[in-house]
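So the chains spell out like this:
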Number of protein chains: 2
Amino acid sequence: MSKASGKTKKDDRISSICEALRQAIIEQALKPGTKLPEDALGERFGVGRTIARQALAQLASEGLVDHKRNKGAEVATPSWEEARDLFDLRMSLERLVVSRLAGNLTKEQIAALRQHIAKEDAARNTREAISVRLATEFHTMLAEMTGSPVLVRYVQEICRRCGLTLTLYARPHSSDCAINEHIEILDALEKGDADAAARIMHHHLEEVANRALISPVNTHAPSLMDILAPYAAVEEAESGAKVSQMAGKAVNGHRRRKSSPA
Amino acid sequence: MSKASGKTKKDDRISSICEALRQAIIEQALKPGTKLPEDALGERFGVGRTIARQALAQLASEGLVDHKRNKGAEVATPSWEEARDLFDLRMSLERLVVSRLAGNLTKEQIAALRQHIAKEDAARNTREAISVRLATEFHTMLAEMTGSPVLVRYVQEICRRCGLTLTLYARPHSSDCAINEHIEILDALEKGDADAAARIMHHHLEEVANRALISPVNTHAPSLMDILAPYAAVEEAESGAKVSQMAGKAVNGHRRRKSSPA
DNA sequence: GAAACGAGGATTGTCTACAAGATGGTGCAT
DNA sequence: ATGCACCATCTTGTAGACAATCCTCGTTTC
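Rules used throughout
- Residues numbered from 1 in each chain as written.
- Chains lettered and ligands numbered in written order.
- Predicted model: local features only at pLDDT ≥ 70, side-chain atom pairs only at ≥ 80, totals over all residues.
- Heavy atoms only, no water.
- Helix = DSSP H or I, 4+ residues; strand = E, 2+ residues; numbered from the N terminus.
- Buried < 20%, exposed > 50% of the residue type's maximum accessible area, 1.4 Å probe, protein only.
- Contact = heavy atoms within 4.5 Å.
- Areas by Shrake-Rupley, 256 points an atom, 1.4 Å probe, with all protein chains shown as cover.
- Core = buried A, V, L, I, M, F, W, Y, C linked by side-chain atoms within 4.5 Å.
- Near = heavy atom within 4 Å.
- Polar contact = N/O pair within 3.5 Å; in protein donor to acceptor, adjacent residues only side chain to side chain.
- Nonpolar A, V, L, I, M, F, W, Y, C, P; charged D, E, K, R; others polar.
- Phe/Tyr/Trp six-rings, centres within 6.5 Å; stacked < 30°, edge-to-face > 60°.
- Pairing = 2+ DSSP bridges.
- Buried area = accessible area lost by both parts, 1.4 Å probe.
- Salt bridge = Lys/Arg side-chain N within 4 Å of Asp/Glu carboxyl O.
- Axes fitted to C-alpha atoms, helices over the stretch in contact; angles between N-to-C directions.
- Parallel < 35°, antiparallel > 145°, perpendicular 65-115°, else oblique.

Trainee: Looking at this structure, how should I read the overall build of chain A?
Mentor: Regarding its fold elements, chain A presents eleven helices and three strands. For chain A, the succession of helices and strands along the chain, N to C, is α-α-β-α-α-β-β-α-α-α-α-α-α-α. Looking at chain A residue by residue over its 262 residues, the buried ones come to 47%. Partitioning the contacts of chain A with sequence separation of at least 6, the portion at a separation of at least 24 is 77%. Of the roughly 13500 Å² of accessible surface on chain A, 51% is carried by carbon and sulfur atoms.

Below, the structure written as structure tokens:
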């Protein structure tokens, strides 16, 4: 009875903007501390300040942006204690996820997970932030397969915040082992070994948390408008099959200088 | 004379309204399904529609109100499956809380908890909704004592949603044992017996969930669609199929939101 | 020369106005 | 009489206007 499927464009512009900003934050295109003025966001996404403001409020409630009264919103800068707290709870939640999932995955789900791991592997040599995003998506997929909307929401949120923390503190060259651990987790889940899956997951997250300890890097973004250009475009493209006419928005796809394939 | 009474007045009106609505919802002053027009809220709280709207959005993100596009907001009516899901995750989260708290409570914290239990006991003969609110606050206090802001947020949110569920489905005369269980939990925590505390908490929540989730027919606002579902079904079957089995089951989630990501 | 003060600009907080969609009633046609 | 279509009205969605607050920077004074 419901045909409404791909109307994320007109259906809820706030969600679209949130998602775009989330991606930008996780991929560190928007670094922690970057100011997010409502005017600029509204102009970039083609909406008024009202919508931009609501999107920022949403992200603030998720902990991805910091909203101080009369001082605007900026990308959150999690402290070390907050990061530790996040990872602690994340471990518990994801233990719960794998214990629910062990032995209960369908063939299709396992295939989807392996496919995603392949994507992670393929992106191993690209920008670090991309790897973080893909790894986060893996954990999100696991949570979604539990079929528990609440759990999905919490895991998603906490994973994103952990991802933000990683882009802040983590040192590079550490995603290779993480991918292997993803494989191990999936293997244990497929075999139905809940204990092993929980143990590996715990170890996996502990590893990830441990390598987020030092070197607080801080640089200021060059231009907010330029940074957001690809994400404003991807917001429409990611919808999937329906690539309707996006006349006005003019996808000027000059990606960042860093990604030069081949 | 206005400065001594705290900063809730000008500090953040949205939060104030949210809190007021939360209380009203938990105490069933606003019953599930009640429409919440922005105009009325704004007028009642002395703010414009913008503020009321933001408060509603906040509550919607917490799952306490249901927000349908172009159709306004209303107090959420959790389905049976959602309620089951909520209580499942709540058990896990609160197990985590008590396992963190066992043996680590200060004298002051224990005293505060006992004082709150006394308040629960005093309110045992008042309205059911008040008891639910106080019981919820007890669990919230426990979460706060972990010192983990994220955990606090999640436990708070999930407890409120569970409280909403209870006001919907629970039958009266059931808070006495719950208070005793609170005492048992606190005793175990004070002794530092993490296992016992976790076990009692699990049992406690299972009890609460069971008395809430056994009979979904108890609601005073039954969905018309659900009621008519068997009849609509028999109209399609049109022949030998009997309705008798459906009368027993009666748990049929009809149209839910269409977002099932693969 | 440094610190305090104040004007100016910029950004946020809130409200109201206008547009779009939904709901419900009325009238017309069959 | 029933069903359909149109319209009136209400509520929500969104944008911009106006006021309040904060930051910056130049000026003044010790």
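Next, the rest of the story.
Trainee: Teacher, can you tell me more about the nonpolar core here?
Mentor: Within soluble globular proteins, side chains that are nonpolar tend to cluster in buried spots. Membership of the largest hydrophobic core comes to 86 residues, with the highest contact counts inside it found for Leu89(A), Leu93(A), Leu189(A), Leu89(B), Leu93(B) and Leu189(B). Each residue touching Leu89(A), except ones within four places of it in the same chain, is listed here: Ile158(A), Leu93(B), Leu96(B), Arg100(B), Val150(B), Leu151(B) and Tyr154(B). By size, the runner-up hydrophobic cluster in this structure holds 24 residues, among which are Cys18(A), Leu30(A), Leu36(A) and Val75(A).

Trainee: What exactly am I supposed to notice about the protein's contact with DNA strand C here?
Mentor: With respect to spatial proximity, 17 residues lie near DNA strand C, and among them Arg49(A), Arg53(A), Arg13(B), Gly48(B) and Thr50(B) are the closest. Considering DNA strand C, the proportion of its atoms within 4 Å of the protein that are sugar or phosphate atoms stands at 67%. Contact between DNA strand C and Asn70(A): a phosphate oxygen at 3.2 Å from a main-chain N or O atom of the residue. Contributing elements (two or more residues each) for the surface near DNA strand C: helix H4 (49–62) of chain A together with helix H3 (49–62) of chain B. It is H3(B) that provides the largest number of residues to the surface near DNA strand C, a total of three residues. Counted by class, the surface near DNA strand C contains three nonpolar, six polar and eight charged residues.

Trainee: I'm lost on the packing of aromatic side chains in this one. Help?
Mentor: Each aromatic ring pair is described using two quantities: the centre-to-centre distance and the angle formed by the ring planes. Tallied over the entire structure, the rule returns one aromatic pair over all chains. Ring geometry for Tyr154(A) against Tyr154(B): centres 4.0 Å apart, planes inclined by 5°, an arrangement best described as stacked. Here Tyr154(A) is found in helix H8 (residues 149–169), whereas its partner Tyr154(B) is found in helix H7 (residues 149–169) on a different chain. Tyr154(B) carries the same exposure label as Tyr154(A), and that label is buried.

Trainee: What should I look at first to understand the sheet that holds strand E3 (residues 72–75) of chain B in this one?
Mentor: In sheet architecture, strand pairing relies on hydrogen bonds along the backbone and comes in two forms, parallel and antiparallel. Residue and element names in this part refer to chain B. With antiparallel pairing, three strands are arranged side by side in an open sheet as E1-E3-E2. Each having just a single partner strand, strand E1 (35–36) and strand E2 (65–68) make up the two edges of the open sheet. Of the strand pairs in this sheet, E2 and E3 are connected by four bridges, and their pairing is antiparallel. The residue bridging His67 from the neighbouring strand is Ala73, located in E3.

Trainee: In this structure, what is going on with helix H3 (residues 38–45) of chain A? I would like to understand it.
Mentor: Every α-helix carries 3.6 residues per turn, so stepping three or four residues along brings you back to the same face. Residue and element names in this part refer to chain A. Of all the eight residues making up H3, six are buried; the element is thus mostly covered by neighbouring parts of the structure. Taken as a whole, H3 has its buried residues at Glu38, Ala40, Leu41, Gly42, Arg44 and Phe45. Looking one or two residues past H3, Gly46 carries a phi angle of roughly 70°, positive in sign.

Trainee: So what exactly am I meant to see when it comes to the interface of chain B and chain A here?
Mentor: Size of an interface, as often reported, equals the accessible area lost when the parts are brought together. Facing the 28 residues of chain B at the interface are 29 residues of chain A. Contact between chain B and chain A buries roughly 2300 Å² in total, counting both sides, with carbon and sulfur atoms accounting for 49%. Per-residue buried area on chain B facing chain A is highest for Asp85(B), Leu89(B) and Tyr154(B); these three make up 24% of the total on that side. Our enumeration of links across chain B and chain A arrives at two salt bridges. Glu157(A) serves as the salt-bridge partner of Arg153(B), at 2.1 Å between the closest nitrogen and oxygen.

Trainee: Looking at this structure, how should I read the packing of H3(A) against H4(A)?
Mentor: Each pair of packed helices can be summarised by the angle the axes make with each other and by the distance between the axes. Residues and elements named next belong to chain A. Interhelical geometry of H3 versus H4 gives an angle of 110° and a closest axis separation of 8 Å. Classified by the angle between their axes, H3 and H4 sit roughly perpendicular to one another. Mapping the contact onto sequence places Glu38, Asp39, Leu41 and Gly42 in H3 and Arg49, Ala52, Arg53 and Leu56 in H4. Partitioned by chemical class, the residues of the contact of H3 with H4 number three nonpolar, one polar and four charged.

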